[in-house]
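Residue strings, one per chain:
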Amino acid sequence: MDEILLIEMGQRIYERRRQLMLTQEQLAEQAGLTPQTVSTAELGKKAMRPENIIKMCDALEVSTDYLLRGKISAEDESKFFQKVSQLPPAQYRHLENIINSFLAAIEEEREA
């Protein structure tokens, strides 16, 4: 695997782990991997075996497309929409306001 691809994949692992508020040790435990495997993957130092990539994706709740290529798949979207659909109406509207504010901020950056 190309070194740049490993580094990019490692960054996605790191960012998603932080989003889930997990330590490397917690992620390793959830994925059935060693903390050293998580660390080297995040640093892009060593390619993971296919079975470990699948374990990592399951623990991070992302698709292999996202982890390997940084692409949001239909599977990723489905997981997100499923979570959103379970919100009570007030929390749903609050999330909608957050998303609208975020999109407005992005639009302002583009126009600047």
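Nothing here was measured: the structure is a model prediction, and the numbers come from that model. (Residues numbered from 1 in each chain as written. Predicted model: local features only at pLDDT ≥ 70, side-chain atom pairs only at ≥ 80, totals over all residues. Heavy atoms only, no water.)

Novice: Please clarify how helix H1 (residues 3–19) should be interpreted in this entry.
Specialist: In an α-helix, one turn spans 3.6 residues, which is why side chains three or four residues apart end up on the same side. For H1, with 17 residues, the first-to-last C-alpha span of 24 Å sits near the 24 Å given by 1.5 Å per residue. Listed as buried for H1 are Leu6, Met9, Gly10, Arg12, Ile13, Arg16 and Arg17. Projected down its long axis, H1 carries its buried residues within an arc of 160°, all on one side. Seen from the buried face of H1, the exposed residues on the opposite side, beyond 90 degrees, are Glu3, Ile4, Arg18 and Gln19. Taken together, the buried residues of H1 touch helix H2 (24–31), helix H3 (35–43), helix H4 (50–60), helix H5 (64–69) and helix H6 (74–85). Met21, located one to two residues past H1, shows a positive phi value of around 55°. (Helix = DSSP H or I, 4+ residues; strand = E, 2+ residues; numbered from the N terminus. Expected span 1.5 Å × (residues − 1). Buried < 20%, exposed > 50% of the residue type's maximum accessible area, 1.4 Å probe, protein only. Arc of directions from axis to C-beta. Contact = heavy atoms within 4.5 Å.)

Novice: Looking at this model, I keep getting lost on the packing of H2 against H3. Mind explaining?
Specialist: Direction vectors running N to C along H2 and H3 enclose 110°, while the axes themselves pass 8 Å from each other. Taken together, the axes of H2 and H3 lie roughly perpendicular to each other. Pair H2 / H3 crosses with right-handed handedness. Contacts from Gln24, Glu25, Leu27 and Ala28 of H2 reach H3 at Pro35, Val38, Ser39 and Glu42. The residue makeup of the contact of H2 with H3, split by class, is four nonpolar, two polar and two charged. (Axes fitted to C-alpha atoms, helices over the stretch in contact; angles between N-to-C directions. Parallel < 35°, antiparallel > 145°, perpendicular 65-115°, else oblique. Left-handed = near helix turned anticlockwise from the far one by under 90°. Nonpolar A, V, L, I, M, F, W, Y, C, P; charged D, E, K, R; others polar.)

Novice: Just to check I follow, could you spell out the pattern of salt bridges for this structure?
Specialist: Side-chain pairs of opposite charge can arise where the charged atoms are in close proximity. Enumeration over the complete set of coordinates arrives at seven salt bridges. Glu42 is the partner of Arg17 in a salt bridge, and the nearest nitrogen-oxygen pair spans 2.4 Å. Highlighted residues: Arg17 in helix H1 and Glu42 in helix H3, separated in sequence by 25 residues. According to the relative accessible area criterion, Arg17 is buried, its value standing at 8%. Its salt-bridge partner being Arg110, residue Glu107 comes within 3.6 Å of it at the nearest N-O pair. Here Arg110 and Glu107 lie together in helix H7 (residues 89–111), a separation of three residues that amounts to about one turn. On the basis of relative accessibility, which here comes to 36%, the residue Glu107 falls in the partly exposed class. Classification of Arg110 by relative accessible area gives exposed; the value is 62%. (Salt bridge = Lys/Arg side-chain N within 4 Å of Asp/Glu carboxyl O.)

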